[in-house]
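# Observations on the model geometry
Here is what each chain is made of, one letter per residue.
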Amino acid sequence: MDKGLFKGIDADVLTQERMALHTTFKIGGPARFFVVPKDIESLIKAREIAIQAGLKCFILGGGANVLFPDEGYDGAVISTEGLNQIFLETNGLLHAGCGAAISDVALFASKAGRAGLQFFYSMPGSTGGAIYMNARCYNASISDALKVAVYLDRDGNICTLDAASGGFDYKKSPFQTNGGIILEGIFATTGGSAEDLSREMESYEKDRREKGHFAYPCAGSVFKNNRSFGLPSGKIIDNLGLRGYTVGGAKISEHHANIIVNSGNATAKDVKELVSLVEDKVREATGFQLEREIIYV
Ligand SMILES: Cc1cc2nc3c(=O)[nH]c(=O)nc-3n(C[C@H](O)[C@H](O)[C@H](O)COP(=O)(O)OP(=O)(O)OC[C@H]3O[C@@H](n4cnc5c(N)ncnc54)[C@H](O)[C@@H]3O)c2cc1C
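Bear in mind that the values here come from a model prediction, so they are computed numbers and not experimental data. (Residues numbered from 1 in each chain as written. Predicted model: local features only at pLDDT ≥ 70, side-chain atom pairs only at ≥ 80, totals over all residues.)

Before going further, it helps to spend a moment on the overall build of the chain. Check the secondary structure of the chain and you find eight helices and 19 strands. Scaling as 2.2 N^0.38, a compact globule of 297 residues should have a C-alpha radius of gyration of about 19 Å, and the chain matches this with 19 Å. Each principal axis of the C-alpha atoms in the chain carries an extent, and together these give about 55 × 50 × 30 Å. For the chain, buried positions account for 46% of its 297 residues. Looking at the chain alone, contacts between residues at least 24 apart form 63% of all its contacts between residues at least 6 apart. (Helix = DSSP H or I, 4+ residues; strand = E, 2+ residues; numbered from the N terminus. Rg over C-alpha atoms; globule rule 2.2 N^0.38 Å. Buried ≥ 20, exposed ≤ 12 C-beta atoms within 10 Å, placed from the backbone. Contact = placed C-beta atoms within 7 Å.)

Structure follows, in structure tokens:
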């Protein structure tokens, strides 16, 4: 099978593309096919072609929450990066293509004097990825602002999901179980001052910079928080003296113990070993089982 498999669709198609180039961890071996559709029709067609050819498929947004294996991905990785349109209706509903960077969406909204998405400014990743993960920061979940998600269901039908109909919870979305591909997010925004929003967003970016989020390649928090633990996961890990602990090139961030960084030539194997080690140490010391947030592909 060569890339001619995807001929006739409007997409860039690469073979043996290293996933390290498309993830914020900068880790991951080659994908057999890396397909970047330029429009929704091409994404739908690319998925159909891959399925008919018996290939497994992975939908990739900004690659900010995933760990690809060192040996690569023997299937088709379909990147949403080309589906990045953003527009605002006069009624304040903001439409963002699944591949639009969520930070760009927040910026677009703020410039138009629309509030609701400012919390996500400077958070890495796409709109589709943020909805899939129900990303959360500065006390806001993306589902708080989401009104409707337009998605492709497993059978290839374009459907809509009303965010108020349920299924969203702390870092949980219906898409984690229903197999749908999010095509567009439609967000409810409220009136705000562009200047105030800009100031607020700068403070979030500054906070992330000061917490070392952009100092090394990483995928953000490795573990979810859990209220019943009484402390944030990062604090529990920190209390065990694991800050700075290293396996190969993977290291627990000196800035924040819930972040693992690629300090040089980390492999997926290094990261997984370090994750297991942290889980074991936390279980031994506290009895708590940490829940992983980053996704192993
Ligand atoms: C420095 C840094 C800071 C971070 N801070 C935060 C934070 O404050 N809060 C937070 O919640 N997260 C944070 N993260 C994690 C990450 O930014 C979020 O999880 C983000 O929402 C992931 O989006 P993505 O597009 O990169 O998803 P990807 O990593 O590309 O994919 C994640 C999952 O979503 C699925 N997916 C992606 N797009 C679609 C789609 N269109 N349809 C269906 N499934 C899809 C993928 O298949 C995969 O299973 C941080 C990461 C980094 C690197």
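That shown, we press on.
Before going further, it helps to examine the site of the ligand. Close contacts around the ligand come from 32 residues, with Gly-61, Gly-125, Gly-128, Gly-129 and Gly-220 the closest. When contributions to the shell around the ligand are tallied by element, the ones reaching two or more residues are strand 3 (56-60), helix 3 (127-133), strand 9 (136-137), strand 13 (181-188) and strand 15 (218-221). When residues of the shell around the ligand are assigned to their parent elements, the largest contribution, five residues, is made by helix 3. Of the residues belonging to the shell around the ligand, the class tally is 19 nonpolar, twelve polar and one charged. (Near = placed C-beta within 6 Å. Nonpolar A, V, L, I, M, F, W, Y, C, P; charged D, E, K, R; others polar.)

Here we take up the sheet that holds strand 1 (residues 11-18). Pairing is mixed in the open sheet, where four strands are placed in the order 1-2-5-3. Two strands in the sheet have a free side with no partner beyond their single neighbour: strand 1 and strand 3. Taken pair by pair, the neighbouring strands of this sheet meet at an average axis angle of 25°, ignoring direction. Examined bridge by bridge, strand 2 (residues 30-37) and strand 5 (residues 73-79) share four bridges and lie parallel to one another. In the strand pairing of strand 5, Ala-31 is matched with Tyr-73. (Pairing = 2+ DSSP bridges. Axes fitted to C-alpha atoms, helices over the stretch in contact; angles between N-to-C directions.)

Moving on to the domain arrangement of the chain. For the chain, the domain assignment lists domain 1 (3-79), domain 2 (86-209) and domain 3 (215-296). Spacing between the C-alpha centres of domain 2 and domain 3 amounts to 27 Å. (Domains from an automatic or database assignment.)

In summary, soluble globular proteins display a tendency toward joint burial of nonpolar side chains. Val-35, Ala-106, Phe-120, Ile-182, Ile-260 and Val-271 are the most contacted members of the largest nonpolar core, which has 86 residues in total. A per-element tally of this core places helix 8 (residues 268-286) first, with six residues. Setting aside its immediate chain neighbours within four residues, Val-35 contacts Phe-6, Ala-11, Val-13, Ala-46, Ala-76, Ile-78 and Ser-79. (Core = buried A, V, L, I, M, F, W, Y, C linked by C-beta atoms within 7 Å.)

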